[in-house]
Amino acid sequence: DTGVSQDPRHKITKRGQNVTFRCDPISEHNRLYWYRQTLGQGPEFLTYFQNEAQLEKSRLLSDRFSAERPKGSFSTLEIQRTEQGDSAMYLCASSFIGGAYEQYFGPGTRLTVT
Amino acid sequence: QKEVEQNSGPLSVPEGAIASLNCTYSDRGSQSFFWYRQYSGKSPELIMFIYSNGDKEDGRFTAQLNKASQYVSLLIRDSQPSDSATYLCAVKVEGGGKLIFGQGTELSVKP
């Protein structure tokens, strides 16, 4: 399968714990994006990378959230000191540079904070 | 005013009918427009994108863009029960990378 992959698919954690999610983009895609989606809403942008450079980060993103893409391939998203409000689906997408920059999503990681 | 607005629905159409989904956006610098389909519990799946005024057709789907009116729509011809899903409109602004999504329109196609 050459699509975007994410791991884990589901994560249940207790409030205050740290969690880390991984995303592997489509292999020839330069850009990688993170979004968060809650029930009944469209995905909300968190941050994106072009190769290893983090080009934009949402102003809504708490400093408890950090993302990396150290070698310009896979990316990790870490949430420190999780809160119940962090419960959501975390989506990763990737795209080429150029054209319409159409983004293709992975299956998502469903986070539940208890 | 939200940046990308969609009627949340649900929109119900009979099988075989045309489903019309609408989206308006506020940023005149918006450059590219995307329609995603999302089944319950799944991630968004790209259906179509459009960046020039007019119509773009792909199979049973037609995307329509009117930049002067800041309006983009998706028509689904010969709707099937398998088309029942939430349809998300997304907009990319010029010079940016992120997509701004509407809240989605739930479509139900009745057999």
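Residues numbered from 1 in each chain as written. Chains lettered and ligands numbered in written order. Predicted model: local features only at pLDDT ≥ 70, side-chain atom pairs only at ≥ 80, totals over all residues. Heavy atoms only, no water.

## Description of the interface of chain B and chain A
- Contacts between the two partners involve 19 residues from chain B, matched on the other side by 21 residues from chain A.
- Interface area, chain B with chain A, both sides summed: about 1,500 Å², of which 59% is carbon and sulfur.
- When the buried surface of chain B facing chain A is broken down by residue, Gly97(B), Lys98(B) and Phe101(B) rank first, second and third, together holding 27% of it.
- Joining chain B to chain A, the criterion identifies one salt bridge.
- Among the salt bridges present, the one from Glu56(A) reaches Lys98(B), with a minimum N-O distance of 3.4 Å.
- Of all the secondary structure elements, the ones that give two or more residues to the side of chain B that touches chain A are strand 4 (30–38), strand 5 (45–50), strand 9 (85–93) and strand 10 (99–101) of chain B.
- Among the elements that make up the side of chain B that touches chain A, the one with the highest residue count is strand 4 of chain B (four residues). (Contact = heavy atoms within 4.5 Å. Buried area = accessible area lost by both parts, 1.4 Å probe. Salt bridge = Lys/Arg side-chain N within 4 Å of Asp/Glu carboxyl O. Helix = DSSP H or I, 4+ residues; strand = E, 2+ residues; numbered from the N terminus.)

## Description of the pairing of strand 9 (residues 88–95) of chain A
Residues and elements named next belong to chain A.
- When you tally the buried positions in strand 9, you get eight out of eight residues, the bulk of the element.
- Taking every second residue as pointing to the same face, both faces of strand 9 are buried, with Ala 88, Tyr 90, Cys 92 and Ser 94 on one and Met 89, Leu 91, Ala 93 and Ser 95 on the other.
- In the sheet, strand 4 (residues 31–37) pairs with strand 9 via seven bridges, with the strands oriented antiparallel. Bridging across to strand 9, Arg 31 finds its partner in Ser 95.
- Here three bridges tie strand 9 to strand 11 (residues 109–113), and the two strands are oriented antiparallel to one another. Opposite Ala 88, over in strand 11, you have Leu 111 as the bridge partner.
- Across two bridges, strand 9 lies against strand 10 (residues 104–105) in antiparallel orientation. Paired with Ala 93 across the strands is Phe 105, a residue of strand 10. (Buried < 20%, exposed > 50% of the residue type's maximum accessible area, 1.4 Å probe, protein only. Pairing = 2+ DSSP bridges.)

## A few points about the sheet that holds strand 3 (residues 19–24) of chain A
Residues and elements named next belong to chain A.
- The strand order across the open sheet built from four strands is 1-3-8-7, with neighbouring strands paired in antiparallel fashion. Each edge of the open sheet carries a strand with a single partner, namely strand 1 (5–7) and strand 7 (65–68). Within this sheet the neighbouring strands show an average axis-to-axis angle of 15°, counted without direction.
- In this structure, strand 3 lies alongside strand 8 (residues 75–79), joined through five bridges in antiparallel fashion. Residue pairing in the sheet places Cys 23 in a bridge with Ser 75 of strand 8. (Axes fitted to C-alpha atoms, helices over the stretch in contact; angles between N-to-C directions.)

## Topic: unusual backbone geometry
- With an omega of -5°, the peptide bond between Asp7(A) and Pro8(A) qualifies as cis.
- When you line up the elements, Pro8(A) lands in the loop between strand 1 and strand 2 (10–13).
- Of the consecutive residues Gly9(B) and Pro10(B), the connecting peptide bond is found in the cis state with omega at 10°.
- The backbone phi angle of Asn51(A) is positive, close to 55°, even though this residue is not glycine.
- Position of Asn51(A) among the secondary structure elements: in the loop between strand 5 (44–50) and strand 6 (53–57).
- On the accessibility criterion, Asn51(A) (32% relative accessible area) is partly exposed.
- The phi dihedral of Gln70(B) falls on the positive side, at around 55°, and the residue is not glycine.
- Mapped onto the fold, Gln70(B) is located in the loop between strand 7 (61–66) and strand 8 (71–76).
- A residue is classified by how much of its surface remains accessible, and Gln70(B), at 12% relative accessible area, is buried.

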